[in-house]
Amino acid sequence: MATFEKRGDLQWRVKIRRRGFPLQTRTFNTKAEAEAWARSIETEMDRGSFVDRSEAENTTLSEALDRYAREISPHKKGSYQELCRIENLKTHSLGKRFIAQIRGSDIALYRDERLKMVAAATVRLELAIISHLFEIARKEWGMESLNNPVRIVNLPKKSESRDRRLLLGEEEKILEFCEIYGGDLPHIVRLALETGMRRGEIVGMTWEHVNLKKNTVLIPKTKNGEKRTVPLSKKAVEILKGLSRRIGGRVWEITEEHSVTTAFRRAISRARSTYEKECQEKRIKPDPSFLLNLTFHDLRHEATSRFFEKGLNPMQVAAITGHKTLQMLRRYTHLRAEDLAKMLDR
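Residues numbered from 1 in each chain as written. Predicted model: local features only at pLDDT ≥ 70, side-chain atom pairs only at ≥ 80, totals over all residues. Heavy atoms only, no water.

Colleague: Where do I start with the overall build of the chain in this structure?
Modeller: Helix and strand content of the chain: 15 helices and six strands. Expected size for 346 residues packed as a compact globule is a radius of gyration near 20 Å; at 27 Å, the chain overshoots this value by more than 25%. Overall, the chain is about 85 × 50 × 45 Å in size when its C-alpha atoms are taken along their principal axes. Considering the chain as a whole, with its 346 residues, one finds that 41% of them fall into the buried category. Here the chain displays about 20500 Å² of accessible surface, and carbon together with sulfur accounts for 50% of that area. In the chain, which carries 66 positive and 48 negative side-chain charges, the distance between the mean positions of the two groups comes to 2 Å. (Helix = DSSP H or I, 4+ residues; strand = E, 2+ residues; numbered from the N terminus. Rg over C-alpha atoms; globule rule 2.2 N^0.38 Å. Buried < 20%, exposed > 50% of the residue type's maximum accessible area, 1.4 Å probe, protein only. Areas by Shrake-Rupley, 256 points an atom, 1.4 Å probe, with all protein chains shown as cover. Lys, Arg positive; Asp, Glu negative; His and termini not counted. Charge placed at Lys NZ, Arg CZ, Asp CG, Glu CD.)

Printed below as a string of structure tokens:
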């Protein structure tokens, strides 16, 4: 039976009590809305199609994101980056909405607003979190009544794959300022260029998995969940031989992926500023692309392309880099036309 209670001048609270069903309560701006909702719920109870919506109707997206951050994100690779995205999502006005009230149109508005501020890839990652949250809430958190609003909207188009290769002189400048930054950074950057390993794979290295006699390093668990043995070039072996052994068995003092990203970004920023000052002193026009928008992951692009330029075939390169398909390998490989021209004349 539904009962209606006036709350102040502008709101009506309705409660539905029926044996065998949990108490249903909700507040509306008008009595007509309250009565319409009560009729729909009681009809569902009569038909046996009722699904309890109370938790979904009383949980905000921000509250659900907090639970997701506690229970789901820690078990993912790249959890630090995801937790940062979750904090950003919570600050948006969408975070204050009850998740049962979020519709596809709300997600579309959020998408369009964010696309004016960040790249499409960032928006896709944020929407992926919201989408997965709705699926977890529906399947595991007792909110079976939820529909996933992300599924019915168009996601931003994927950005074209990056084709960033190191320009002439960039590698020397990068290493110069990585040396100035100090610590593990210069060694990590050199190893990335020699092996094509991912940032997380390098940071997670331990000495028990490094075999300097066979010139290999074992990665017990990669991004795709499988182990991989990476061959080490002479330069890579020299880099590792020059390192001091640390208590605990880790190769690097740096233990977090984001620490590498932060250090690399700072070194690149300083290198770029110095380059511009040098050009100004020499009264020459700086190359606007020099050290611009360079990320640590671009080192993997560079290393992969260099493997091909050394004459390795796709299967050999894939064995080193861990790419599962040739299509994925192609995204990370960008050969210079001038180098291909030289190969044609051999």
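Here the narrative resumes.
Colleague: How do you make sense of the sheet that holds strand E4 (residues 210-211) when you look at a structure like this?
Modeller: As a general point, the strands of a sheet are linked pairwise by backbone hydrogen bonds and lie either parallel or antiparallel. Here three strands make up an open sheet; going across it, the order is E4-E5-E6 and the pairing antiparallel. Looking at the sheet topology across the chains shown, the edges are occupied by E4 and strand E6 (228-231). As paired elements, E4 and strand E5 (residues 216-219) share two bridges and run antiparallel to each other. Of the residues in E5, the one forming a bridge with Asn-211 is Thr-216. (Pairing = 2+ DSSP bridges.)

Colleague: Before we go on, may I ask you to explain unusual backbone geometry in this structure?
Modeller: Most peptide bonds take the trans configuration, and most residues that are not glycine carry a negative phi. The backbone of Arg-283 sits at a positive phi, close to 60 degrees, despite the residue not being glycine. In this fold, Arg-283 is placed in the loop between helix H11 (257-282) and helix H12 (298-309). Residues other than glycine seldom take positive phi values, yet Asn-293 does so here, at roughly 55 degrees. Structurally, Asn-293 can be placed in the loop between H11 and H12.

Colleague: I tried to follow the environment of Glu-253 on my own but got confused; where do I start?
Modeller: Structurally, Glu-253 can be placed in the loop between helix H10 (234-241) and H11. Glu-253 sits 22 residues away from Tyr-275 along the chain, and the two C-alpha atoms are 29 Å apart. Setting aside its immediate chain neighbours within four residues, Glu-253 contacts Asp-184 and Arg-246. (Contact = heavy atoms within 4.5 Å.)

Colleague: Even after reading the chapter, I still don't get the packing of aromatic side chains, so can you show me in this structure?
Modeller: Each aromatic ring pair is described using two quantities: the centre-to-centre distance and the angle formed by the ring planes. One pass over the structure, following the stated rule, counts three aromatic pairs. Here Phe-264 and Phe-296 contribute two aromatic rings whose centre-to-centre distance is 5.5 Å and whose plane-to-plane angle is 90 degrees, an arrangement assigned as edge-to-face. Note that Phe-264 is positioned in helix H11 and Phe-296 in the loop between H11 and H12, a separation of 32 residues in sequence. Note on accessibility: Phe-264 and Phe-296 belong to one class, buried. Ring plane angle 35 degrees and centroid distance 4.3 Å describe the contact between Tyr-275 and Phe-290, whose orientation is recorded as tilted. Taken together, the residues Tyr-275 in helix H11 and Phe-290 in the loop between H11 and H12 connect sequence positions 15 residues apart. With a relative accessible area of 14%, Tyr-275 lands in the buried category. (Phe/Tyr/Trp six-rings, centres within 6.5 Å; stacked < 30°, edge-to-face > 60°.)

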